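# Summary of the model geometry
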Amino acid sequence: NAGVMQNPRHLVRRRGQEARLRCSPMKGHSHVYWYRQLPEEGLKFMVYLQKENIIDESGMPKERFSAEFPKEGPSILRIQQVVRGDSAAYFCASSPPGQGNFFMNTEAFFGQGTRLTVV
Amino acid sequence: DAKTTQPPSMDCAEGRAANLPCNHSTISGNEYVYWYRQIHSQGPQYIIHGLKNNETNEMASLIITEDRKSSTLILPHATLRDTAVYYCIVRVVHSGGSNYKLTFGKGTLLTVNP
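A brief report on the enclosed structure follows. Position numbers for residues count from 1 along each chain, tracking the sequence in the order it is written. To label them, take the chains in the order written and letter them from A, then take the ligands in the order written and number them from 1. Local features in a predicted model are, by the rule used here, given only for residues with pLDDT of at least 70; side-chain atom pairs are given and counted only at 80 or more, and totals for whole chains, interfaces and linings are based on all residues. Side-chain measures were taken over the full set of non-hydrogen atoms in the model, leaving aside hydrogen atoms and water.

## Structural notes on the sheet that holds strand β1 (residues 5–7) of chain A
Residue and element names in this part refer to chain A.
- Only when DSSP finds a minimum of two bridges between them are two strands counted as paired. Comment: elements are numbered from the N terminus, with helices defined as DSSP H or I runs of at least four residues and strands as E runs of at least two. The sheet built from 4 strands is open, its strands ordered β1-β3-β8-β7 with antiparallel pairing. Edge positions in the sheet fall to β1 and β7 (65–68), since each of these pairs with one other strand and no more. In this sheet, adjacent strand axes meet at a mean angle of 15° when their direction is disregarded.
- In this sheet, strand β8 (residues 75–79) lies alongside strand β3 (residues 19–24) in antiparallel orientation, the contact comprising 5 bridges. Paired with Cys 23 across the two strands is Ser 75, which belongs to β8. For helices, the fitted line uses only the C-alpha atoms of the stretch in contact; every axis is such a line through C-alpha atoms, and the angle between N-to-C directions lies from 0 to 180 degrees.

## Considerations on the packing of aromatic side chains
- Working definition: rings of Phe, Tyr and Trp (its six-membered ring) pair if their centres are within 6.5 Å, and the pair is stacked with planes under 30 degrees apart, edge-to-face with planes over 60 apart, and tilted otherwise. Scanning the model with the defined rule gives 9 aromatic pairs over all chains in all.
- When the ring of Tyr33(A) is compared with that of Tyr48(A), the centres are 4.7 Å apart and the planes differ by 15°; the resulting orientation is stacked. One end of the pair, Tyr33(A), is in strand β4 (residues 31–37); the other, Tyr48(A), is in strand β5 (residues 43–50), with 15 residues separating them in the sequence. Both residues of the pair, Tyr33(A) and Tyr48(A), count as buried.
- The structure contains a cluster of three or more aromatic residues connected by ring pairs, namely Tyr32(B), Tyr34(B), Tyr36(B), Tyr46(B), Tyr87(B) and Phe104(B).
- The ring of Tyr34(B) has Arg91(B) lying over it, and the distance from NZ or CZ to the ring centre is 5.3 Å. When a residue's accessible area, from a 1.4 Å probe over protein chains only, is under 20% of the maximum for its type it is buried; when over 50% it is exposed; and in between it is partly exposed. The criterion is that NZ of a Lys, or CZ of an Arg, lies within 6 Å of the ring centre and within 35 degrees of the ring normal, and then a charge sits over that ring.

## Section: the nonpolar core
- The set of buried Ala, Val, Leu, Ile, Met, Phe, Trp, Tyr and Cys residues whose side-chain atoms join them within 4.5 Å is what this entry labels a nonpolar core. With 22 residues, the main nonpolar core has Trp34(A), Met46(A), Leu77(A) and Tyr90(A) as its most contacted residues.
- When contributions to this core are tallied by element, the ones reaching two or more residues are β3, β4, β5, β7, β8, β9 (88–95) and β11 (114–118) of chain A.

## Overview of the environment of Pro25(A)
Residue and element names in this part refer to chain A.
- Here Pro 25 is to be found in the loop between β3 and β4.
- Sequence separation of Pro 25 and Ser 95 is 70 residues, and the distance between their C-alpha atoms is 7.8 Å.
- Residues count as neighbours in contact if any of their non-hydrogen atoms are within 4.5 Å of one another. With near-sequence residues (within four places) excluded, Pro 25 lies in contact with Gly 3, Val 32, Phe 69 and Ser 94.

In structure tokens form, the structure reads like this:
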């Protein structure tokens, strides 16, 4: 899963600051998925994006969180006015275009995650 | 997706087989059993999945009981690098739908000892 690049690996923010997490998908992949793993909890889906489009944001908190995947450049998960409860590991995965059966089989590649700590 | 139950932790000696159980007694006929693992400080990694039949790949074997209410992931020759949290997930797989909506529980922490 080294092909999906996330940065930074670790991010410390004070309460009220903004956090920007970046995800560069694997080469040739145009779909990006973000997941959050709270401390001592399991991974949960947040948002699914294709280039310049949000396809499914049903797992995103209603406020302060946004995601984008511009035509050029990485996907960005943005958290405004962070609070301590936002401290978590945020993982990104990517898939190639046209794979309707993605996540059915082997092609679920995740990045190494960004660990956000809010102090 | 059906609920799964896994032991919180297990130990295994290096070189021996690791057998990780998962109960999914409410599984329905169109739900698959998936296994992922997460090595410390890394992203989740797909291992194997199955519907009814036993499956084997280069990483592991998956044994699903005939009634499908439980399954076992087998790592035939565990190494220290197999120390990780292993997640069993039961889910419907849609040919064109939201297969990406993964939700993991707490899994089983497998510790492989030298």
